[in-house]
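Chain by chain, the residues run as shown.
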Amino acid sequence: MDAENIVTLSEIEKSYTAGGERLYVLKRVSLTVNKGEYLAILGASGSGKSTLMNIIGCMDTSDSGQYLLDGVEVNTCNDAGLTALRNQKIGFIFQKYHLIPQYTVLQNVMLPLLIRGKTRTEAAKMVEEYIRMVGLWERISHKPNELSGGQQQRVAIARALVTAPTLLLADEPTGALDSQTGKEILALFQRLNEMGNTIIMITHDLSVAQHSKRIARLVDGVLSFQG
Ligand code: ADP
Ligand code: MG
């Protein structure tokens, strides 16, 4: 193999039945993402972005087609298998941060490690470099409501990184931020990619997508590439 394959989607299809009618949301979507890539999936509202993200993130399965995540056949996994894959391989970053409000920065970032059975001492040691990397070491005792939106997103990014995921999957990561703060978060993504992280970022905004190294466009459930 030349490049290490992280994601291979082959002819993925997904439909929903709503009001007795069948709605085809993803149409023979094929996609390969190699280790170290930084891909944006660009699409308008209703184009199927969340549906595709849920499949890539092992939160949902397709009706047909094949999905290989880091060599694992996702289609054949049951719910427990999907959960395990998701926990082991994917770091999620959401538009709305999804931090636990009553936890401090330190506690939020430690949580994925505690869930994996690390002791508090081990976890506290492991998270330091990531909290420093996102520039929040001076804020470790703060709670989310004492932080700006950009700072909260940095906490979410540190939390996504602590388990050393195979893939960072970001859904509109700058969608709730002003444009200057959004640019700072995109600069952080670029740095994480330069450090070797594989990133898929989902967005409706071309100017955001242009910060990635490759853009795939999703139009009415059809994924295509250019350039
Ligand atoms: P996007 O994230 O790009 O806005 P979605 O993936 O959320 O797009 O939705 C794509 C299409 O699928 C939309 O027409 C939406 O209404 C429909 N859809 C999404 N989820 C469901 C569902 N659970 N049941 C029925 N239709 C759905
Ligand atoms: Mg969506």
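Placed above this text is the structure.
A few points on the structure. (Residues numbered from 1 in each chain as written. Chains lettered and ligands numbered in written order. Predicted model: local features only at pLDDT ≥ 70, side-chain atom pairs only at ≥ 80, totals over all residues. Heavy atoms only, no water.)

1. Some details on the nonpolar core
Consideration 1: Core analysis: the largest hydrophobic core is formed by 39 residues, its most contacted members being Val109, Ile157, Phe189 and Leu192.
Consideration 2: Those elements that place two or more of their residues in this core are β3 (38-43), α3 (105-115), α4 (120-133), α5 (149-161), β7 (167-171), α6 (179-194), β8 (199-203) and α7 (206-209).
Consideration 3: Top element by residues in this core is α5. It accounts for six residues.
Consideration 4: Contact partners of Phe189, with chain neighbours within four places excluded, come to Tyr38, Ile93, Ile157, Ala170, Pro173 and Ile199.
Consideration 5: In this structure, Ile12, Ile41, Ile56 and Tyr67 belong to the second largest nonpolar core, which totals 29 residues. (Core = buried A, V, L, I, M, F, W, Y, C linked by side-chain atoms within 4.5 Å. Buried < 20%, exposed > 50% of the residue type's maximum accessible area, 1.4 Å probe, protein only. Helix = DSSP H or I, 4+ residues; strand = E, 2+ residues; numbered from the N terminus. Contact = heavy atoms within 4.5 Å.)

2. Details of the side chain of Asp171
Consideration 1: Tracing the backbone shows Asp171 in strand β7.
Consideration 2: When near neighbours in sequence (up to four residues on either side) are disregarded, Asp171 contacts Met53, Ile93, Phe94, Gln95 and Ile202.

3. Observations regarding unusual backbone geometry
Consideration 1: If you check the backbone angles, Cys58 has positive phi at about 60° while not being a glycine.
Consideration 2: Summarising the element assignment, Cys58 is placed in the loop between α1 (49-56) and β4 (64-69).
Consideration 3: Not every positive phi belongs to a glycine, and Ala164 is a case in point at roughly 50°.
Consideration 4: By relative accessible area, Ala164 is classed as exposed at 57%.

4. Some points on the site of ligand 1
Consideration 1: As a structural note, the neighbourhood of ligand 1 is formed by Tyr16, Leu23, Val25, Ala44, Ser45, Gly46, Ser47, Gly48, Lys49, Ser50 and Thr51.
Consideration 2: A distance of 3.1 Å separates an oxygen atom of ligand 1 from a polar atom in the backbone of Gly48.
Consideration 3: Taking Thr51, its side chain carries an N or O atom lying 2.6 Å from an oxygen atom of ligand 1.
Consideration 4: Residue assignment for the shell around ligand 1 shows that the elements contributing at least two residues are β2 (21-34) and α1.
Consideration 5: Top contributing element to the shell around ligand 1 by residue count: α1, with three residues.
Consideration 6: Considering only residue class, the shell around ligand 1 consists of four nonpolar, six polar and one charged. (Near = heavy atom within 4 Å. Polar contact = N/O pair within 3.5 Å; in protein donor to acceptor, adjacent residues only side chain to side chain. Nonpolar A, V, L, I, M, F, W, Y, C, P; charged D, E, K, R; others polar.)

5. So, the packing of α3 against α4
Consideration 1: Where α3 contacts α4, the axes come no closer than 9 Å and their chain directions differ by 115°. Like other packed secondary-structure pairs, α3 and α4 cross with a definite hand, here right-handed. Between α3 and α4, the contacting residues are Val105, Leu106, Val109, Met110, Leu113 and Leu114 on the first element and Arg120, Ala123, Ala124, Met126, Val127 and Ile131 on the second.
Consideration 2: In the contact of α3 with α4, the residues fall into eleven nonpolar, no polar and one charged. (Axes fitted to C-alpha atoms, helices over the stretch in contact; angles between N-to-C directions. Left-handed = near helix turned anticlockwise from the far one by under 90°.)

6. A look at the packing of α3 against α5
Helix-helix packing: each pair is described by the crossing angle between the helix axes and the interaxial distance.
Consideration 1: It is at 7 Å that the axes of α3 and α5 come closest, and there the two elements cross at 30°. Considered as vectors, α3 and α5 are oriented roughly parallel to each other. Crossing handedness for the pair α3 and α5: right-handed. Here α3 contributes Val105, Asn108, Val109 and Pro112 to the contact with α5, which in turn contributes Val155, Ala158 and Arg159.
Consideration 2: Residue composition of the contact of α3 with α5, by class: five nonpolar, one polar and one charged. (Parallel < 35°, antiparallel > 145°, perpendicular 65-115°, else oblique.)

7. Some points on the layout of surface pockets
Consideration 1: Roughly 410 Å³ of volume is contained in the largest pocket.
Consideration 2: If you go around the largest pocket, you meet 15 residues; those closest to its centre are Asn87, Ile90, Phe92, Pro112 and Arg159.
Consideration 3: Elements that contribute at least two residues to the lining of the largest pocket include exactly α2 (79-89), β6 (90-93), α3 and α5.
Consideration 4: The residue makeup of the lining of the largest pocket, split by class, is eight nonpolar, four polar and three charged. (1 Å grid on protein atoms, 1.4 Å probe; cavity = no way out; pocket = protein on both sides within 12 Å on 5 of 7 lines; lining within 4 Å. Points joined across faces, edges and corners; volume = space filled by probe spheres on them.)

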